[in-house]
Amino acid sequence: MDSSAKKNELIQLLESLLPEEGTVQTDITSLSLSKVSKSSEFACSMSEPSIYFIARGVKEVHLAEQIYTYDASTYMISSVHLPLSGKIIEASKEAPYLALKLTFSLDEMMEVVQESGDAFMQPCTKKCDCALVMGEMDEALLDALIRLVSLLKHPKMIATLSPADC
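### Brief notes about the overall build of the chain
In terms of regular secondary structure, the chain is built from 4 helices and 10 strands. In the chain, the order of α-helices and β-strands from amino to carboxyl end is α-β-β-β-β-β-β-β-β-β-α-β-α-α. For the chain, the proportion of its 166 residues judged to be buried stands at 39%. The contacts in the chain between residues at least 6 apart in sequence include a share of 73% that link residues at least 24 apart. Here the chain displays about 9700 Å² of accessible surface, and carbon together with sulfur accounts for 55% of that area.

Structure (structure tokens):
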């Protein structure tokens, strides 16, 4: 299956799980899903250590003087609690914005940093670089997201499989 087909599979899964607009906390405690059918105004919020994925649509996030724009080809990681403002800049009734958020505890973040070795040892060149990081979506990550979201259709399997699937 090519990357485009996998993106469509994730979109279909999310649409089946989100019949209405809004943000839903799922049975997987660290996972929430969002659906929005129109562009939004800027809203301020406090992010928590999380990784944010967009299946469809585009979002713009501001942190201090930095502007981050991301979509289905990228993802955003917030490594600490941050005051952010953001808005959805691409969404419609025909093609609503669909997104996922996975939150992490401090211990889980430290485990990722330790397991990643040199990947997080690059010096920060801007004030915000270490707190908010953008990455490129790849097929392996897309596969993992599809498997994780698919678990929501099988609630009895979540306790057993979600820790292994993340």
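### Considerations on the environment of Glu41
For Glu41, the position within the fold is in the loop between β2 (31–36) and β3 (43–47). Taking the relative accessible area as the measure of exposure, Glu41 reaches 70% and is therefore exposed. Spatially, the C-alpha atoms of Glu41 and Lys87 are 5.6 Å apart, while their sequence positions differ by 46 residues. Those residues in contact with Glu41 that lie beyond four places of it in its chain are Gly86 and Lys87.

### A word on the sheet that holds strand β9 (residues 97–103)
As summarised here, the arrangement of the 6 strands in space is β1-β2-β9-β4-β7-β10, forming an open sheet in which the pairing is antiparallel. Whereas interior strands pair on both sides, the edge strands pair on one side only; in this sheet they are β1 (22–25) and β10 (132–136). If you compare each strand with its neighbour and ignore which way they point, the axes differ by 20 degrees on average. Pairing analysis gives 6 bridges linking β2 to β9, with the strands arranged antiparallel. Paired with Val36 across the two strands is Tyr97, which belongs to β9. Helix α3 (residues 139–150) contacts β2, β4 (50–56), β7 (74–78) and β9 of the sheet and is inclined by roughly 90 degrees relative to β9.

### Side note on the environment of Glu60
Among the structural elements, Glu60 can be located in strand β5 (residues 58–63). On a C-alpha basis, the gap between Glu60 and Ile89 in space is 6.7 Å, while along the polypeptide they are 29 residues apart. Those residues in contact with Glu60 that lie beyond four places of it in its chain are Phe42, Ile67, Tyr68, Thr69, Ser85, Gly86, Lys87 and Ile89. Side-chain polar atoms of Glu60 contact the side chain of His62, separated by 2.7 Å.

### Overview of the pairing of β4
The element β4 is largely enclosed, with a buried count of 7 among its 7 residues. Here β4 pairs with β7 via 4 bridges, running antiparallel. Across the sheet, residue Phe53 finds its bridge partner in β7, namely Tyr75. Across 6 bridges, the pairing between β4 and β9 is antiparallel. Within β9, the position partnered with Phe53 by the bridge is Leu100.

Rules of the game
- Residues numbered from 1 in each chain as written.
- Predicted model: local features only at pLDDT ≥ 70, side-chain atom pairs only at ≥ 80, totals over all residues.
- Heavy atoms only, no water.
- Helix = DSSP H or I, 4+ residues; strand = E, 2+ residues; numbered from the N terminus.
- Buried < 20%, exposed > 50% of the residue type's maximum accessible area, 1.4 Å probe, protein only.
- Contact = heavy atoms within 4.5 Å.
- Areas by Shrake-Rupley, 256 points an atom, 1.4 Å probe, with all protein chains shown as cover.
- Pairing = 2+ DSSP bridges.
- Axes fitted to C-alpha atoms, helices over the stretch in contact; angles between N-to-C directions.
- Polar contact = N/O pair within 3.5 Å; in protein donor to acceptor, adjacent residues only side chain to side chain.

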